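The primary structure of each chain is shown beneath.
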Amino acid sequence: MDMENMTTMKKLGFGAMRLPLQNPEDPTSIDLEQVCRMADYFLEQGFTYFDTAYMYHQYKSEGALRQALVERYPREAFLLADKMPLSHLKQPEDMDPIFQEQLEKCGVEYFDYYLIHNISRTSWDKAKALDVFGFAAQKKAEGKIRRLGFSFHADAELLEEILKEHPEVEFVQLQLNYIDWESPYIQSRLCYEVCRRYGKDVIVMEPVKGGTLANVPEEAAQLLEAAAPGMSPASWAIRFAAGLEGVIMVLSGMSNEEQLRDNTGYMKEFRPLGEDEQEVLAKAKAVISGSIAVACTSCRYCVEGCPKHIAIPEYFSLYNQQKQFGDRSNAKGYYPNYLTKYGKAADCIGCKACERICPQHLPIAELMKDVSGVFDAS
């Protein structure tokens with residue numbers, strides 16, 4: 001796809017962070033046949049944008065897209081985004097081998113969109129010290145990158161500092177959804193407004209907050225269904241994000257064909273939320289906000305460095321289910337399934353390695369005590 005046509009591309013992107021699995025407990029067990037069918041349908045419906053990253057699915061996501069997409073379609077038929085993992089860099093010399101590995105794993109000669117991955121307060125100093133933006137700019141000059149940006153998990157003040165220092169940046173990928181819109185930690189609205197002031201395109205990640213806004217409490221679901229019968233809760237979240245001025249793409253980490261067909265169905269001929277719909281969404285938001293115990297998006301950045309191998313996102317998901325639905329959720333019945341492979345919540349030693357990398361800035365060590373109190377005492 002040539003750059004001139006990027007301005008008319010459909011706004012739904014295929015996020016390769018939560019691909020379908022053959023074994024739900026093994027993120028490397030990607031169901032390639034289903035991914036192929038999903039890629040086929042996605043392209044057939046006129047959508048073109050695919051997003052991956054170095055560590056997704058424990059380093060298997062890039063290769064899966066190569067097999068399902070790159071090896072089966074001409075290069076101009078799709079747009080591919082990848083990311084430089086700040087978390088894996090120790091010295092400037094680390095960047096080129098990783099970048100070359102990414103090109104090879106994806107089976108491409110260039111990336112349409114390339115991002116510095118997960119800039120936060122804790123990683124920004126490293127990005128400056130290693131001159132990651134300088135490296136990326138060089139790869140852009142070589143034609144290996146078409147558009148340069150970064151994904152961001154911090155406050156609006158830091159975002160403004162970065163955009164002042166790096167006017168060459170063309171887009172910013174933000175966590176943006178209606179629950180986090182006024183969050184003092186995520187600052188979706190404030191960060192979005194900084195991007196607009198600097199004239200940067202916005203790509204949205206976590207529009208349904210790791211599935212939280214796809215599986216809403218019954219009261220909220222009834223409000224949305226009454227206003228738009230047959231439209232999924234996820235559709236409201238994605239349309240909210242896609243309707244914002246300057247948003248060029250909304251990523252959805254689709255895990256099965258049903259989610260794919262739902263998303264492409266209402267995004268094929270995209271219609272922003274109307275004023276009446278915004279009012280309904282505000283009521284649903286109030287219900288949802290009161291029901292979320294832990295605002296985890298299941299990004300899994302926290303898992304790799306845990307010395308006790310605790311299944312942090314899985315335990316938070318079970319904890320949320322237990323808090324929302326009580327014993328009807330059977331969350332306590334599922335918890336023991338993880339203990340044969342992972343440490344218990346009670347095994348947390350409070351080292352806070354997870355907290356230093358968590359994009360949601362969650363107090364994980366303290367929350368693990370709450371999780372343990374519910375599940376380990378049962």
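Up top is the structure these notes are about.
Residues numbered from 1 in each chain as written. Predicted model: local features only at pLDDT ≥ 70, side-chain atom pairs only at ≥ 80, totals over all residues. Heavy atoms only, no water.

Asks: I'd like a rundown of the packing of helix H9 (residues 233-242) against helix H10 (residues 257-267), residues and numbers included.
Replies: Running from amino to carboxyl end, H9 crosses H10 at an angle of 45 degrees, the nearest separation of the two axes being 10 Å. By the angle between their axes, H9 is oblique relative to H10. When you trace H9 past H10, the crossing you get is right-handed. Between H9, through Ala234, Ser235, Ile238, Arg239 and Ala242, and H10, the contact on the second element is made entirely by Asn263, Tyr266 and Met267. Looking at the contact of H9 with H10 residue by residue, the classes come out as 5 nonpolar, 2 polar and 1 charged. (Axes fitted to C-alpha atoms, helices over the stretch in contact; angles between N-to-C directions. Helix = DSSP H or I, 4+ residues; strand = E, 2+ residues; numbered from the N terminus. Parallel < 35°, antiparallel > 145°, perpendicular 65-115°, else oblique. Left-handed = near helix turned anticlockwise from the far one by under 90°. Contact = heavy atoms within 4.5 Å. Nonpolar A, V, L, I, M, F, W, Y, C, P; charged D, E, K, R; others polar.)

Asks: Outline the sheet that holds strand S2 (residues 49-51), listing residues and values.
Replies: Within a sheet, neighbouring strands are paired by backbone hydrogen bonds and run either parallel or antiparallel to one another. If you trace the 8 strands once around the closed barrel, you get S1-S2-S3-S4-S5-S6-S7-S8, paired in parallel fashion. With direction set aside, neighbouring strand axes in the sheet form an average angle of 30 degrees. Relative to strand S3 (residues 79-85), S2 is paired through 3 bridges, and the arrangement is parallel. For Tyr49, the partnering residue across the bridge sits in S3 and is Leu79. Against the sheet, helix H5 (residues 132-141) touches S3, strand S4 (111-119) and strand S5 (145-152), its axis set at about 155 degrees to S5. (Pairing = 2+ DSSP bridges.)

Asks: Describe the environment of Leu89, naming the residues involved and giving the relevant values.
Replies: Relative to the elements of secondary structure, Leu89 occurs in the loop between S3 and helix H3 (95-106). Taking the C-alpha atoms as reference points, Leu89 and Trp181, separated by 92 residues in sequence, lie 31 Å from one another. Setting aside residues up to four positions removed in sequence, Leu89 forms contacts with Met84, Asp94, Met95, Ile98, Lys126, Leu130 and Val132.

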